[in-house]
Amino acid sequence: MTDESYQGFHLTALDARRFDFGNALRGYDRTRVDQFRDQVAEELERLARANQELDQKARNFHEQLKAFRERDKALNEALVSAQQLRGEIREQAEREAQLIVREAQQEADRQLQSVRDEVARAQQELQALWRTRRSYVAQLRHQLERQLAELNSTEQDPVPGFTAPRPAEPDASVVQDLRQLPPRNVAPTPSWLDAVMEDER
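Only a predicted model underlies this, so the values are computations on that prediction, with no experimental measurement involved. (Residues numbered from 1 in each chain as written. Predicted model: local features only at pLDDT ≥ 70, side-chain atom pairs only at ≥ 80, totals over all residues. Heavy atoms only, no water.)

Quick word on the confidence of the model for the protein chain
1) Next: For the protein chain, the average pLDDT comes to 77, and 66% of its residues sit at 70 or higher.
2) Next: No element of the protein chain has a lower mean pLDDT than helix α1 (residues 3–8), at 44, and none a higher one than helix α3 (residues 30–155), at 89.
3) Next: Note on residues 1–6: pLDDT under 50 across the span, and 1 contact to partners over four residues away in sequence or across chains. (pLDDT = per-residue confidence, 0-100. Helix = DSSP H or I, 4+ residues; strand = E, 2+ residues; numbered from the N terminus. Contact = heavy atoms within 4.5 Å.)

So, the environment of alanine 48
1) Next: Note that alanine 48 resides in helix α3.
2) Next: The partly exposed category is assigned to alanine 48, whose relative accessible area is 37%.
3) Next: Sequence separation between alanine 48 and alanine 13 is 35 residues; the distance between their C-alpha atoms is 8.9 Å. (Buried < 20%, exposed > 50% of the residue type's maximum accessible area, 1.4 Å probe, protein only.)

Here we look at the pattern of salt bridges
1) Next: Here the structure, examined in full by the defined rule, presents 2 salt bridges.
2) Next: Between glutamate 43 and arginine 46 there is a salt bridge; the shortest N-O distance is 2.3 Å. In this pair, glutamate 43 and arginine 46 both sit in helix α3, 3 residues apart, roughly one turn of the helix.
3) Next: Overall, the relative accessible area of 41% leaves arginine 46 in the partly exposed class.
4) Next: One salt bridge connects arginine 110 with glutamate 107, and the closest N-O pair in it is separated by 2.4 Å. You can see arginine 110 and its partner glutamate 107 sitting in helix α3, 3 residues apart, about one turn around the helix.
5) Next: Taking relative accessible area as the criterion, arginine 110 reaches 49% and is therefore assigned partly exposed. (Salt bridge = Lys/Arg side-chain N within 4 Å of Asp/Glu carboxyl O.)

Listed below in structure tokens is the structure:
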């Protein structure tokens, strides 16, 4: 039987049950033919049911395969989207990190410049205070020297009504030693002032 004749031939269980073999002289045993026909019909019914089950399974497999392919396509698209999103997130994180570092550097520079300005102002104030101190000490020394000179000249005034003979000119070293002594009836110079005058010298 060729494929074309097989594809064109369609036999069902009902066809096998209704098929009439006819009567002929010295023909086949009708009972055995009927039994065989029933067996053929039952086998055709079984094969038809099996074929239906196989068709249903095949359709189910095709549907599952289609679902798997759609799911695989969705997973691939999701994977591509996730990779793109990861790249975008990485780029955004890098930009934000660079921005944070740049802002932190700028803030550090501003704070450093502020500290430098404060140090410069403190140095200027210190120099101004030092100049004021030097001026004050110089004025105080000048005033003390003038008062000391006045006191020394007062001690050399003669007693009224008495003319003392002119004393001999003392030695210069002796005069220098006497000037270093505190004058009489004058409070000694405070120690802190001596220290300031010594620093100025």
